[in-house]
Amino acid sequence: MRILAIDHGTKRMGIAMSDELGVIAQPLEFILAEPFAEFLSRLREIIRDQQVELILVGMPRNMDGSYGPAALKVQEFIAVLKASVTIPIKPIDERLTSVQAHRLLSEAEVRGRQRKGKVDKSAAAVLLQGYLDGLAG
């Protein structure tokens, strides 16, 4: 089963994809958040081409577990997404995924402009890998 993860952002949406066995998450790309119609068109293309069966969307939470203003935006995004695609969509806690993505990119010595787009898709991959590891465990 192929699973796609989205790291929601106001400028860019990071996209990651599982392998066919659902064991390994890989950063795929980032898609500009606006214009939204173009984002949706590219997302549908990926879903179709990769035969995605589940979408995970990172849900931002505060460190104490509460939801802040960013979570409201993601909830609105999920509602629009559910009206636009036919496969299941599941929100998943994304606390510290961007921090982990920055750390991984630093360890790989990715700097400056190269890092900008990679952080989004890497954060989506961290999110997805955590989900896949939870299924295996």
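All residue numbers refer to positions counted from 1 along the written sequence of the respective chain. Note on the predicted model: pLDDT of at least 70 is required for a residue's local features to be given, and 80 or more for side-chain atom pairs to be given and counted; whole-chain, interface and lining totals, by contrast, use all residues. Processing note: side-chain calculations cover all non-hydrogen atoms of the structure and skip hydrogens and water entirely.

**As for the overall build of the protein**
Thought 1: Secondary structure assignment for the protein yields 4 helices and 5 strands.
Thought 2: The order of helices and strands in the protein, counted from the N terminus, is β-β-β-α-β-α-β-α-α.
Thought 3: Looking at the protein as a whole, 46% of its 137 residues qualify as buried.
Thought 4: Contacts were defined at the residue level, with two residues in contact if any of their heavy atoms lie within 4.5 Å. Partitioning the contacts of the protein with sequence separation of at least 6, the portion at a separation of at least 24 is 61%.
Thought 5: Note that accessible areas follow from Shrake-Rupley with a 1.4 Å probe, and for residues the cover is restricted to the protein chains shown. On the protein, roughly 7800 Å² of surface is accessible, and the fraction owed to carbon and sulfur atoms is 53%. Numbering of helices and strands starts at the N terminus; helices are DSSP runs of H or I of at least 4 residues and strands are runs of E of at least 2. Relative accessibility under 20% of the residue-type maximum defines a buried residue, over 50% an exposed one, and the middle range a partly exposed one, all with a 1.4 Å probe and only protein chains included.

**Comments concerning the packing of aromatic side chains**
Thought 1: Paired rings are identified among Phe, Tyr and Trp, the last through its six-membered ring, by centres lying within 6.5 Å, and are further divided according to the angle between planes into stacked (under 30 degrees), edge-to-face (over 60) and tilted (the rest). The final tally for this structure, using the stated rule, is 3 aromatic pairs.
Thought 2: Ring geometry for Phe36 versus Phe77: centroids 6.2 Å apart, planes at 85 degrees, classification edge-to-face. With Phe36 in helix H1 (residues 36-50) and Phe77 in helix H2 (residues 69-84), the pair connects residues that are 41 residues apart, well separated along the chain.
Thought 3: Exposure remark for Phe77: the relative accessible area of 5% places this residue in the buried category.
Thought 4: The rings of Phe36, Phe39 and Phe77 are connected pair by pair, giving a single aromatic cluster.
Thought 5: Looking at Arg12, its charged tip hangs above the ring of Phe30, at a distance of 5.8 Å from the centre. For a ring to carry a charge above it, either NZ of a lysine or CZ of an arginine must fall within 6 Å of the ring centroid while also lying within 35 degrees of the normal to the ring plane.

**Describing the confidence of the model for the protein**
Thought 1: Of the residues in the protein, 81% reach a pLDDT of 70 or more, and the chain-wide mean stands at 85.
Thought 2: For the protein, per-element mean pLDDT is lowest for helix H3 (residues 97-107), which scores 56, and highest for H1, which scores 97. What pLDDT conveys is the predictor's confidence in a given residue, as a value from 0 to 100.

**Points about a nonpolar patch on the surface**
Thought 1: The grouping of Leu21, Val23 and Ile24 at the surface amounts to a nonpolar patch, some 320 Å² of accessible area in total.
Thought 2: With respect to the helices and strands, Leu21 occurs in the loop between strand E2 (12-18) and strand E3 (25-32). For patch building, the residue pool is restricted to those with more than 30% relative accessible area and no salt bridge; the joining distance is 9 Å between like charges and 5 Å between nonpolar side chains (Val, Leu, Ile, Met, Phe, Trp, Tyr). Whenever Lys or Arg places a side-chain nitrogen within 4 Å of a carboxyl oxygen from Asp or Glu, that contact is recorded as a salt bridge.

**Topic: the sheet that holds E3**
Thought 1: Two strands are counted as paired when DSSP detects at least two bridges linking them. Taken together, the 5 strands give an open sheet; going across it, the order is E3-E2-E1-E4-E5, and neighbouring strands pair in mixed fashion. The sheet is open, and its two edges are formed by E3 and strand E5 (89-93), each paired on a single side. Here the strands of the sheet are splayed against their neighbours by 25 degrees on average, with no regard to which way each runs.
Thought 2: As paired strands, strand E1 (residues 2-7) and strand E4 (residues 52-59) are joined by 5 bridges and run parallel to one another. Residue Leu4 lies in a different strand from E4, and its bridge partner there is Ile55. Working convention: axes come from line fits to C-alpha atoms, limited for helices to the stretch in contact. Angles between N-to-C directions cover 0 to 180 degrees.

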